[in-house]
Amino acid sequence: MLLMDSSKKISFNRCIRDGDLVIIYERHDTMKAVKVCENSVLQNRFGIFKHSDWIGKPFGSKVFSNKGGFVYILAPTPELWTLVLSHRTQILYIADISFVVMYLEVVPGCLVLESGTGSGSLTTSLARAVAPTGHVYTFDFHEQRAASAREDFERTGISNLVTVGVRDIQSEGFPDEFSGLADSVFLDLPQPWLAIPSARNMLKQDGTLCSFSPCIEQVQRSCETLRSDFTDIRTFEILLRMYELREWKIDHSKFEDGSSIAYPPCKRRQPSSEVSVGENTSSPAVVARPSAETRGHTGYLTFARRKCDS
Ligand SMILES: C[S@@+](CC[C@H](N)C(=O)[O-])C[C@H]1O[C@@H](n2cnc3c(N)ncnc32)[C@H](O)[C@@H]1O
């Protein structure tokens, strides 16, 4: 996940090695994570790919199957990992994640507390943000989920940046050992207001908190609890609109008034009796339109800053 060079800079500027986790990219909606193993093969609709052909190539390489089909081998960034990880719970996606990381002011060296861990989607981005010297302590009360998250963090190479604990944060709060040490706390819990008093005690003065909740009633209740010890309380809903870009053929000869009509290039058209479409009257054009995959409401992000004691 986080490939470091000898200067400890986060870098993907190295070649693929035996044992690396890579993302096999067929198209933007068809990707999967694969561990490179010298003697293994990947088989898909494009043919058989030998892992040994990938070793030594840079990330981003186009590699070919025995039938001449191809895929790209990409580095397992948190952005791509979020799209391929196994969903054991609802997860946070990049629109919310990117806003959380920025608005919580998570930077290298930060100590971040999180609950619940869930599928570890947010955790992987938090880990990259605190690397190489910070740490994320994430807690989930579900033992199996915590164990699976630990395994994923091993696979993605971030286990040195993340510690997963099993704990009921709503009833027990975060462990006292973090008291006054956390730069930021992130909550994705069904009753976050129960964990807010503990989160407050964990935060450094001026530290930042974020709570993700799908329902506005949860937000209202959390804000009531936040008022006593926090300031600058703000709630956001992040809506992302994705676009599809396709190359279409524009037919300039279609209408007498000079307007034209666009056709997707791969669709076969029946010859029309009204207009004859000559080969030389159509030209390719890129057409952009909102994607049908665009997500609507995911949840509300409530941010607050711990008040100073004085
Ligand atoms: C929606 S998931 C979190 C998803 C995560 N943010 C992600 O991006 O993958 C919520 C998690 O909170 C955990 N959880 C619920 N109540 C909890 C509690 N009282 N203490 C700790 N974890 C809890 C659940 O087991 C679940 O894994």
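Look up a bit, the structure's there.
Just so it is clear, the structure is predicted and the values come from calculations on it, not from any experiment.

**Notes on the site of the ligand**
For step 1, the next point in the chain: Around the ligand sit 22 residues in total, of which Gly116, Gly118, Ser121, Phe141 and Gln170 are the nearest.
For step 2, the next point in the chain: Secondary-structure elements contributing two or more residues to the shell around the ligand are helix H3 (121-130), strand E8 (135-140) and helix H5 (169-172).
For step 3, the next point in the chain: When grouped by side-chain class, the residues that make up the shell around the ligand number 8 nonpolar, 10 polar and 4 charged.

**Details of the packing of helix H2 (residues 94-103) against H3**
For step 1, the next point in the chain: Contact pair H2 / H3: the axes reach a minimum separation of 10 Å and the direction vectors enclose 35°. At the point where H2 passes H3, the crossing takes the right-handed sense. Of the residues in H3, those in contact with Ile97, Val100 and Val101 of H2 are Leu122, Ser125, Leu126 and Ala129.
For step 2, the next point in the chain: A breakdown of the residues in the contact of H2 with H3 according to their chemical character gives 6 nonpolar, 1 polar and no charged.

**Observations concerning unusual backbone geometry**
For step 1, the next point in the chain: Put simply, Ser115 and Gly116 share a cis peptide bond, and its omega is -10°.
For step 2, the next point in the chain: By the element assignment, Gly116 lies in the loop between strand E7 (111-115) and H3.
For step 3, the next point in the chain: For the bond running from Ala131 to Pro132, omega is 5°, close enough to zero to count as cis.
For step 4, the next point in the chain: The backbone phi angle of Glu105 is positive, close to 60°, even though this residue is not glycine.
For step 5, the next point in the chain: As for its placement among the helices and strands, Glu105 is situated in the loop between H2 and E7.
For step 6, the next point in the chain: One non-glycine residue with positive phi stands out, namely Asp232, at about 50°.

About the criteria used
- Residues numbered from 1 in each chain as written.
- Predicted model: local features only at pLDDT ≥ 70, side-chain atom pairs only at ≥ 80, totals over all residues.
- Near = placed C-beta within 6 Å.
- Helix = DSSP H or I, 4+ residues; strand = E, 2+ residues; numbered from the N terminus.
- Nonpolar A, V, L, I, M, F, W, Y, C, P; charged D, E, K, R; others polar.
- Axes fitted to C-alpha atoms, helices over the stretch in contact; angles between N-to-C directions.
- Left-handed = near helix turned anticlockwise from the far one by under 90°.
- Contact = placed C-beta atoms within 7 Å.

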